[in-house]
Amino acid sequence: MKLKIVFFLSALLFSFNTNATLAGKNLVLVHGFISEHLNERPALPALQARSVEYWEQFWGPRAEAQVVYPSHERVQGRIKDVVREQFLDLERAGTCANGCIFVTHSTGDLVLRDALSRLNQWGIDRNRFKVLSVIDLAGAGGGTGLADLAVSTAETRGPITGIVRTIAGAVLDVNFVPEQLGVLNDLRVAAARNIAQQNNSIPRLRVAGAGDSFARITKGFIRGFDDSVVGMHSACGARFAGNVESCSDSIRSNGQLASTRGPGSLLFNHFPIIMTDRGDHNEIRQDVIAGGRIVPVINNTTVGGLNIDFETQTGRRAWSWFTRVRDVPGSENRSISASIFDTLDQ
């Protein structure tokens, strides 16, 4: 019976929709940190089922496959082994023989970055496993101060630490046992920025948010602007962690055409395509109307087989003290994911 369940879920993993493509290429998803894994320590079938739930609001029905990993493990440990087996399955099935587009959310950015650096090591046939580009939604490849907070509070005691632990535990939905923090250890800013740092030929299209959630409790623990979980230095693909307020030095996250603290320099082959001033960490991947502006950064170009061509409008707005603003018209009435998909699916 167990073998039948595993077979069924594996079939489900690779057959969401036979016409699931983006710009004519198969779409593969990689989820973010899932806190329940830390306590449940699930096996593969449960990982797959939870991933389906994770992506069900928008991207799941549009994807050909989902790659899963256990959040209670480490990126360069058990996680890489689990991902390797799925990559080999994709190779054997020929899912990416004609090219795939990967979409990650949050921690999936870091997990995939490490995995893509290992293709030669794993003996993956590049003729049957072609990754054209990756769309990183709220990518945590640069780490997050919340992970630093989680690890440090798990290792210390005291009344102040206890209060902070309670706050962070409520936000991250975790119990602070040092040896059971899994991938949170890898999401510490310094740790994340030491994983798979070599240049990679696969372009990463970045999507960053500056929205609020958790009653703004997390803002004090993350450097620069953030989506309440991941700072813009990470989501934009900045080469260095810092007090980053935008993915551009000349466009603010709300679309104002004015100088701001941008990333300075970007990691190799990283292209921030849009920012949003309202979308919080989870709204970016969901079919939710956040009500904010979508602001194109790198636009009117083609990267990794995707035509980046967001419609824009530029004008002076009263709310911005009549400084010029550039954004996507009507974007406040659509979900961020829908705007991304519809624009790139050409």
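The model shown is predicted, which means the values in this text are computed figures rather than measured ones. All residue numbers here refer to positions counted from 1 along the written sequence of the relevant chain. With the structure being a predicted model, the display of local features is reserved for residues of pLDDT at least 70 and the display and counting of side-chain atom pairs for 80 or more, all residues being used for whole-chain, interface and lining totals. The basis for every side-chain value is the complete set of non-hydrogen atoms in the structure, without hydrogens or water.

What follows covers the packing of aromatic side chains. Classification of ring pairs rests on two measures: the distance between centres of Phe, Tyr or Trp rings, Trp counted by its six-membered ring, which must be within 6.5 Å, and the angle between planes, read as stacked under 30 degrees, edge-to-face over 60 and tilted in between. Counting across every chain of the model gives eight aromatic pairs. Geometrically, the ring pair formed by F87 and F102 is edge-to-face, given 6.1 Å between the ring centres and 65° between the ring planes. Separated by 15 residues along the polypeptide, F87 in helix α4 (residues 75–93) and F102 in strand β4 (residues 96–105) bring together distant segments of the chain. When sorted by exposure, F87 lands in the same class as F102, which is buried. Measuring from centroid to centroid gives 5.9 Å for F87 and W122, while their planes differ by 80°, and the two rings are edge-to-face. A residue pair is termed long-range when its members are at least 10 positions apart, and F87 in helix α4 and W122 in the loop between α5 (108–116) and β5 (129–137) qualify at 35 residues. Here's how the labels work: a residue is buried when its accessible area is under 20% of the maximum for its type, exposed when over 50%, partly exposed in between, all with a 1.4 Å probe on protein chains only. Its relative accessible area of 0% is what places F87 among the buried residues. By relative accessible area, which is 9% here, W122 ends up buried. Members of the aromatic cluster, each reached through a chain of ring pairs, are F87, F102, W122 and F129. Sitting over a ring, as applied to charges here, requires NZ of Lys or CZ of Arg to be within 6 Å of the ring centre and within 35 degrees of the ring normal. One Lys or Arg, R62, reaches over the ring of F58 and ends 3.8 Å from the middle of that ring. The numbering of helices and of strands both runs from the N terminus, where a helix is a DSSP run of H or I of at least 4 residues and a strand a run of E of at least 2.

Turning our attention to the environment of V230. Tracing the backbone shows V230 in the loop between β6 (204–209) and α9 (232–235). Relative accessible area serves as the criterion here: at 1%, V230 is assigned to the buried category. The contact rule is simple, with two residues in contact once any of their heavy atoms fall within 4.5 Å. When near neighbours in sequence (up to four residues on either side) are disregarded, V230 contacts S106, A138, G139, A140, T144, I222, A235 and H281.

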